[in-house]
Amino acid sequence: MTRQSVFRMFVKPPAYRPIGAERSLECAAIHTESFAYPWTESDFEQLLVAAEVVADGAIDADEGLCGMILSRAAADEAEILTIAVAPEHRRSGVAATLIAAHLPRLSARGVARLFLEVETGNAPARALYASNGFHEVGERKAYYRKEDASPASALLMRLDLAP
Ligand SMILES: CC(C)(COP(=O)(O)OP(=O)(O)OC[C@H]1O[C@@H](n2cnc3c(N)ncnc32)[C@H](O)[C@@H]1OP(=O)(O)O)[C@@H](O)C(=O)NCCC(=O)NCCS
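Let us look at the structure shown here. All of these numbers come straight from a predicted model, not from anything done at the bench. (Residues numbered from 1 in each chain as written. Predicted model: local features only at pLDDT ≥ 70, side-chain atom pairs only at ≥ 80, totals over all residues. Heavy atoms only, no water.)

**Observations regarding the pairing of strand β7 (residues 151-160)**
When a strand is regular, its side chains alternate between the sheet's two faces.
Part 1: Counting buried positions along β7 gives seven out of 10 residues, so the element sits mostly inside the fold.
Part 2: Here seven bridges tie strand β5 (residues 113-119) to β7, and the two strands are oriented antiparallel to one another. Of the residues in β7, the one forming a bridge with Phe115 is Arg158.
Part 3: The pairing of strand β6 (residues 135-145) with β7 spans seven bridges and is classified as antiparallel. (Buried < 20%, exposed > 50% of the residue type's maximum accessible area, 1.4 Å probe, protein only. Helix = DSSP H or I, 4+ residues; strand = E, 2+ residues; numbered from the N terminus. Pairing = 2+ DSSP bridges.)

**Quick notes on the packing of helix α2 (residues 24-34) against helix α3 (residues 41-49)**
To describe two helices that pack against each other, one gives the angle between their axes and the distance between the axes.
Part 1: Interaxial distance between α2 and α3 falls to 8 Å at its minimum, and their mutual angle equals 125°. As judged from the angle between their axes, α2 and α3 are oblique. Considering how the two elements wind past one another, α2 and α3 form a crossing that is right-handed. In this structure, α2 uses Ser24, Leu25, Cys27, Ala28 and His31 to contact α3, whose residues at the interface are Glu41, Phe44, Glu45 and Leu48.
Part 2: A class-by-class count of the residues in the contact of α2 with α3 yields five nonpolar, two polar and two charged. (Axes fitted to C-alpha atoms, helices over the stretch in contact; angles between N-to-C directions. Parallel < 35°, antiparallel > 145°, perpendicular 65-115°, else oblique. Left-handed = near helix turned anticlockwise from the far one by under 90°. Contact = heavy atoms within 4.5 Å. Nonpolar A, V, L, I, M, F, W, Y, C, P; charged D, E, K, R; others polar.)

**Here we look at the side chain of Ser153**
Part 1: With respect to the secondary-structure elements, Ser153 resides in strand β7.
Part 2: If we skip the residues at most four places from it in the chain, Ser153 touches Val118, Glu119, Thr120, Glu139, Arg140, Lys141, Ala142, Tyr143 and Tyr144.

**Points about the sheet that holds β7**
Part 1: The sheet built from seven strands is open, its strands ordered β1-β2-β3-β4-β5-β7-β6 with mixed pairing. The open sheet is flanked by β1 (15-18) and β6, the only strands paired with a single partner. Strand-to-strand twist across the sheet, computed as the mean angle between neighbouring axes with direction ignored, equals 25°.
Part 2: Across the face of the sheet, helix α4 (residues 94-108) comes into contact with β1, β2 (53-59), β3 (65-74), β4 (77-85), β5 and β7 while running at roughly 145° to β2.
Part 3: Packing against the sheet, helix α5 (residues 123-131) makes contact with β4, β5, β6 and β7, and its axis sits at approximately 160° to β5.

**What to know about the site of the ligand**
Part 1: Surveying the vicinity of the ligand reveals 21 residues, the closest of which are Ile83, Val85, Arg91, Gly93 and Asn122.
Part 2: Between Ile83 and the ligand, the recorded distance is 2.8 Å, taken from a backbone N or O atom to a nitrogen atom.
Part 3: Here an oxygen atom of the ligand sits 3.0 Å away from a polar atom, N or O, in the main chain of Ala95.
Part 4: Here the ligand has 910 Å² of accessible area as a free molecule, and 74% of this is covered by the chains.
Part 5: Taken atom by atom, the bulk of the ligand overlaps the largest pocket.
Part 6: Of all elements in the fold, only β4, α4, β5 and α5 reach the threshold of two or more residues within the shell around the ligand.
Part 7: No other element matches α5, which puts six residues into the shell around the ligand.
Part 8: In terms of residue class, the shell around the ligand is made up of 13 nonpolar, five polar and three charged. (Near = heavy atom within 4 Å. Polar contact = N/O pair within 3.5 Å; in protein donor to acceptor, adjacent residues only side chain to side chain. Areas by Shrake-Rupley, 256 points an atom, 1.4 Å probe, with all protein chains shown as cover. 1 Å grid on protein atoms, 1.4 Å probe; cavity = no way out; pocket = protein on both sides within 12 Å on 5 of 7 lines; lining within 4 Å. Sits in = over half its atoms within 2 Å of the grid points.)

This is the structure in structure tokens:
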């Protein structure tokens, strides 16, 4: 039995709702656990107050943040800026449920096309996006820097949203 499955047996599932700048520190903490080049609390503060940014969080039974998704909308297009789940909450459907909660909020703003970039080597994220209907529309060579500073390519993915 994995650590995550034991954890799930005893823990109430998270609630999914919009988040604001009051969650900046928690977003930065999850980002730090998730990416080689994490965004700071101040980066999140700026994003979470921006009118064009749509942000949703997964909130656990203790009111703590266990995952978040942020998108930037412009006219009828949007881009996922980041999605991350705290390591102890992974593989329990949190990211998939965050996406499911997020898409209707984008649609309600008139977004018809959603884009994202994902590192080619990020198998969990690629599987997540594929299973949620995103398809590949391009590749950007040497778009990212890995932890060891070597370059990594990005796949550009797109999802058309129901009106
Ligand atoms: C990618 C990430 C957000 C997935 O979050 P999660 O809550 O664990 O994902 P879910 O449990 O909702 O998984 C949904 C689907 O995604 C895929 N998936 C998720 N994690 C996976 C993994 N480690 N390996 C393979 N597939 C995976 C599976 O298809 C899964 O469906 P299944 O559980 O029915 O097989 C999480 O691993 C994470 O925070 N990673 C670090 C940050 C990151 O890379 N973000 C994406 C940047 S583009």
